[in-house]
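Summary of structural features
What follows is the residue order along each chain.
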Amino acid sequence: MVNKPAIKGVVPVYFATDREVAGGPGLELSQISYARAATNTFGYVTVSIPIVHKMGEVEIPGTSLWGAEAEQDGKHFRIQKLSRLSREEFAAAIANPADSLMLFVHGYNVAFRDAAFKAAQIAFDANYKGRVMMYSWPSKGGLTDYDYDRESALYAPDGLFDLLQLIKKEGKVSRIIVIAHSLGSEVVLGALHQAALSQTALVITELIFAAPDVDRDVYLQRASQIKAAAGAVTLYASSTDLALLASMKKAQSKSRMGFVTRTGPTLVAGIETIDVSAVGSEMFALNHSTYSTSRAVLDDIGRIISSSTHLRPPQRTPTLRSMPDDSNTTYWMYPY
């Protein structure tokens, strides 16, 4: 009898984090906290993809009245290896001028482990062949910890700016793709602001904002810095994002950039905006149950990160509808 394989694949994810990391040269998940550190820690984590994996999902153990389900290779995303690297070792490991690199910056309420899972899942589902990396800023990883996470997002740009400089100068990576989700977009904007002030060219190839939890006025103020830092910028927004609605209320904000109001999304010339209201409310939710509605967005992101050249939204995803019409297009949307 032949044993069936337990996993579909393994994705190595390089990481930089300004979370406080305890201990010596070895590394375990329990050593990585949500406290804020003055400098980055570097390393890599290998994530296994279970044989039951469905596109758009991150299969993690469930909980019930009887406790948490035990992790299994065949059923869940799992960390198989976690290693710390020196800055020099990290730069040498990612150095490959011919290769591309996808950097994922997670959002609010995301623990280090879950950020690694999501980075691996995006790359795996997109069949992305380049190097995968995440920047994990000190999110506390709790639904009620938004205030702490927002303060951490304001603290974290120094570390991300340092990482982006390392990627370009020491890693000598030719094609850099940055995907920022939710409150992680605030971290990215802060790093781009530092780059602009210091006149540092980061030369990001593709910059993707997924449901950016950034105040509309702040984003518009930084729009020139955003466009100057990247060859192409894509923004996904939704009218059904409950997390952004809560964020708007808490911050007494007119709108967040990732939210689509009754008059439509906030538009910036030179930034390709896609309304994803029709395909789900939580683009990058960690979910071990059915989550097929995110597949359309993941397909589009996959085409962006896997293509050697930038294609306009309707070229890469013909099902997108031009708004308000084909001859006067200002943004695109998924049809209901």
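Position labels on residues start from 1 in each chain and follow its written sequence. Reporting of local features is limited, given that this is a predicted model, to residues whose pLDDT is at least 70; pairs of side-chain atoms are given and counted only at 80 or more, and all residues count toward the totals for whole chains, interfaces and linings. Water and hydrogen atoms were dropped before computing side-chain values, which therefore reflect all heavy atoms in the structure.

Here the focus is the pairing of strand β7 (residues 131-136). Counting buried residues along β7, five of its six residues qualify, which places the element largely inside the surrounding structure. Only when DSSP finds a minimum of two bridges between them are two strands counted as paired. A run of H or I in DSSP counts as a helix once it spans at least four residues, and a run of E counts as a strand once it spans at least two, with each numbered from the N terminus. As paired elements, strand β1 (residues 7-21) and β7 share five bridges and run parallel to each other. Directly across from T17, in β7, lies its bridge partner S136. The pairing of strand β6 (residues 100-105) with β7 spans five bridges and is parallel. Paired with M102 across the strands is V132, a residue of β7. With the strands pointing away from the viewer, any crossover whose connection runs clockwise from the first strand over the helix to the second is right-handed. Tracing the backbone out of β6, into helix α2 (residues 112-125) and back to the parallel element β7 gives a crossover that is right-handed. Working definition: with a 1.4 Å probe on protein chains only, accessible area under 20% of the residue-type maximum means buried, over 50% means exposed, and in between means partly exposed.

Let's shift gears to the packing of helix α1 (residues 87-94) against helix α4 (residues 157-170). For every element, the axis is a line fit to its C-alpha atoms; helices are fit only across the contacting stretch, and the angle between N-to-C directions ranges from 0 to 180 degrees. Between α1 and α4, whose axes approach to 9 Å, the crossing angle comes to 55°. Considering the angle they form, α1 stands oblique to α4. α1 and α4 meet at a crossing whose hand is right-handed. Contacts from R87, F90, A91 and I94 of α1 reach α4 at D162, L163, L166, I167 and E170. Each angle is binned into one of four classes, with values under 35 degrees roughly parallel, values over 145 roughly antiparallel, values of 65 to 115 roughly perpendicular, and all other values oblique. Two helices crossing with the near one rotated counterclockwise from the far one by less than a right angle form a left-handed crossing, whereas a clockwise rotation gives a right-handed crossing. Residue contacts are defined here by distance: any two heavy atoms, one from each residue, within 4.5 Å place the two residues in contact.

In this section: the packing of α4 against helix α5 (residues 184-197). α5 packs onto α4 with a crossing angle of 65° between their chain directions and a minimal axis gap of 8 Å. As α4 runs across α5, the sense of the crossing is right-handed. For the pair α4 and α5, contact is made by P157, D158, L160, F161 and L164 and by V187, V188, G190, A191, Q194 and A195, respectively. Gly counts as polar in this scheme, as do all residues outside two lists: the nonpolar Ala, Val, Leu, Ile, Met, Phe, Trp, Tyr, Cys and Pro, and the charged Asp, Glu, Lys and Arg. Of the residues that constitute the contact of α4 with α5, the class distribution is eight nonpolar, two polar and one charged.

On to α2, then. Its 14 residues give α2 an end-to-end C-alpha distance of 20 Å, which sits within 8% of 20 Å, the value for a rise of 1.5 Å per residue. Most of α2 sits out of view: twelve of its 14 residues are buried. In this scheme, a helix's expected span is set at 1.5 Å multiplied by one less than its residue total.

Right, let's get into unusual backbone geometry. Here the bond from M323 into P324 is cis, since omega is 0°, no more than 30 degrees from zero. Structurally, P324 can be placed in the loop between β12 (321-323) and β13 (331-333). Here S182, not a glycine, exhibits a phi torsion of approximately 55°, which is positive. Its place among the elements puts S182 in the loop between β8 (175-181) and α5.

Relative to the 16 Å expected for twelve residues at 1.5 Å per residue, helix α9 (residues 295-306) spans 16 Å between its end C-alpha atoms, a close match to the ideal helical length. Along α9, the residues classified as buried are V297, L298, D300, I301, G302, I304 and I305.

Here we take up the nonpolar core. In terms of nonpolar packing, the biggest core is built from 50 residues, with L103, Y135, L160, L163, L207, F209 and Y219 touching the most fellow members. Among buried residues, those of type Ala, Val, Leu, Ile, Met, Phe, Trp, Tyr and Cys that are joined through side-chain atoms within 4.5 Å constitute a nonpolar core. Within the second largest apolar cluster, 45 residues are counted, among which are V21, I32, A116 and I304.

By convention, a stacked pair of Phe, Tyr or Trp rings (six-membered ring in the case of Trp) has centres within 6.5 Å and planes under 30 degrees apart, an edge-to-face pair has planes over 60 apart, and any other such pair is tilted. Summed over all chains, the structure comprises eight aromatic pairs. Pairing F209 with Y219 gives two aromatic rings, centres 5.4 Å apart and planes at 80°, and the pair type is edge-to-face. Placement of the pair is F209 in strand β9 (residues 204-210) and Y219 in helix α6 (residues 216-221), with a sequence separation of ten residues. Taken individually, F209 and Y219 each receive the classification buried, so the pair is uniform in this respect.

What follows concerns the sheet that holds β7. Strands sit in the order β5-β2-β1-β7-β6-β8-β9-β10-β11-β13-β12 across an open sheet of eleven strands; the sheet is mixed. Strands with a single pairing partner mark the edges of an open sheet, and in this sheet they are β5 (78-85) and β12. Between one strand axis and the next, the sheet turns through 25° on average, direction left out of account.

In predicted models, pLDDT denotes the confidence assigned by the predictor to each residue on a 0 to 100 scale. Confidence in the prediction for the protein averages 88 pLDDT; 92% of positions are at 70 or higher. Confidence drops under pLDDT 50 across residues 286-293; counting only partners more than four residues distant or on other chains, this segment forms 22 contacts.

Turning to the pattern of salt bridges, a few remarks are in order. The term salt bridge refers to a side-chain nitrogen of Lys or Arg lying within 4 Å of a carboxyl oxygen of Asp or Glu. This structure, assessed with the given rule, holds 15 salt bridges. One salt bridge connects K75 with E69, and the closest N-O pair in it is separated by 2.7 Å. Among the residues examined, K75 registers a relative accessible area of 36% and is labelled partly exposed. You can call E69 partly exposed: its relative accessible area is 30%. Salt-bridge contacts for R113 lead to D114; the nearest nitrogen and oxygen are separated by 2.9 Å. The class for D114 is buried, based on a relative accessible area of 12%. Via salt bridges that share partners, E71, D73, R78, R113 and D114 belong to a single interconnected network.

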